[in-house]
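Each chain is listed here by its residues.
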Amino acid sequence: MEKPKKKQVLLYYCVEAEELARKIANQSDHIQLQSVNWRSFDDGFPNIFINNAQDIRGQHVSFLASFGSPAVIFEQLSVIFALTRLFVASFTLVLPFFSTGSFERMEQEGDVATAFTMARILSNIPITRGGPTNLIIYDIHALQVSFFV
């Protein structure tokens, strides 16, 4: 009986996670690094291009994110939402650190739960051909957030 082939995973990453993405890819022949051109228009808004987008149809795709700064979250979410719409077989979002939950405390009426908002955004990543997004968070940092993601 023939062994089933291991699936190839195309790993996209943000600028902040490039070093970690390279280390991950070096651990397996089944992970192929892919790149994104992270540019900006003159007004500062993102002008992003997913390289080899035409070749990812039917592939297993992952994105290594880093939400460590509010300045980069929007552009990364834009890529995440775009990747899921390219007819991929499956999509996995790897978020090593859930930074919005680090200091957040709900102490009085009127406090805004930004971690809850981020969890709702991540819960609404578009579905792929293979089903919903797999979301892997390594360091949630706030116990209450685990109930929302």
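To be clear, the structure that these remarks concern was listed above.
Keep in mind that what you see is a predicted model, and the values were worked out from it rather than measured.

Here we look at helix H3 (residues 114–123)
At step 1: Turning to H3, its buried residues number three or more, namely Ala115, Met118, Ala119 and Leu122. Axial view of H3: buried residues confined to an arc of 100 degrees, hence all on one face.
At step 2: Packing partners of the buried residues in H3 comprise helix H2 (70–84), strand E6 (90–95) and strand E7 (134–137).

Section: the side chain of threonine 84
At step 1: When you line up the elements, threonine 84 lands in helix H2.
At step 2: The class for threonine 84 is buried, based on a relative accessible area of 4%.
At step 3: Other than its neighbours up to four places away in sequence, threonine 84 contacts Phe91, Ile125, Pro126, Ile127, Thr128 and Thr133.

Describing the pairing of strand E4 (residues 46–50)
At step 1: Taken together, the five bridges between strand E3 (residues 36–40) and E4 define a ladder with antiparallel strand orientation. By the bridge assignment for E4, serine 40 is matched with proline 46.
At step 2: Between E3 and E4, which pair antiparallel and follow one another directly, the connecting turn spans five residues, one of which, glycine 44, has a positive phi of 95 degrees.

Let's talk about the layout of surface pockets
At step 1: Considered as a void within the structure, the largest pocket measures approximately 200 Å³ in volume.
At step 2: What lines the largest pocket is Val9, Leu11, Ile24, Ile31, Ser62, Leu64, Thr92, Val94, Ile136 and Tyr138.
At step 3: At the level of elements, strand E1 (9–13), strand E5 (60–64) and E6 are the ones that each hand at least two residues to the lining of the largest pocket.

Concerning the pairing of E6
At step 1: The element E6 is extensively covered by neighbouring structure, given that six of its six residues are classed as buried.
At step 2: Burial along E6 is two-sided: the residues Ser90, Thr92 and Val94 and Phe91, Leu93 and Leu95 are all buried.
At step 3: Bridging between E5 and E6 involves five bridges; their strand directions are parallel. Note on E6: the bridge partner recorded for serine 62 is threonine 92.
At step 4: Taken together, E5, H2 and E6 constitute a β-α-β crossover, and its handedness is right-handed.
At step 5: Here E6 runs beside E7; their pairing, made up of four bridges, is parallel. Within E7, the position partnered with threonine 92 by the bridge is asparagine 134.

Considerations on the side chain of serine 62
At step 1: Within the secondary structure layout, serine 62 lies in strand E5.
At step 2: The exposure class assigned to serine 62 is buried, which follows from its relative accessible area of 11%.
At step 3: For serine 62, the contacting residues outside a window of four places in its chain are Val9, Leu10, Leu11, Tyr12, Phe91 and Thr92.

Thoughts on the sheet that holds E6
At step 1: Overall, parallel pairing links the five strands, which are arranged E2-E1-E5-E6-E7 in an open sheet. Edge strands, defined here as strands with exactly one partner in the open sheet, are strand E2 (31–33) and E7. Going from strand to strand, the sheet's axes swing by 25 degrees on average, the running direction of each strand aside.

Parameters at a glance
- Residues numbered from 1 in each chain as written.
- Predicted model: local features only at pLDDT ≥ 70, side-chain atom pairs only at ≥ 80, totals over all residues.
- Heavy atoms only, no water.
- Buried < 20%, exposed > 50% of the residue type's maximum accessible area, 1.4 Å probe, protein only.
- Helix = DSSP H or I, 4+ residues; strand = E, 2+ residues; numbered from the N terminus.
- Arc of directions from axis to C-beta.
- Contact = heavy atoms within 4.5 Å.
- Pairing = 2+ DSSP bridges.
- 1 Å grid on protein atoms, 1.4 Å probe; cavity = no way out; pocket = protein on both sides within 12 Å on 5 of 7 lines; lining within 4 Å.
- Points joined across faces, edges and corners; volume = space filled by probe spheres on them.
- Right-handed = clockwise from strand over helix to strand, strands pointing away.
- Axes fitted to C-alpha atoms, helices over the stretch in contact; angles between N-to-C directions.

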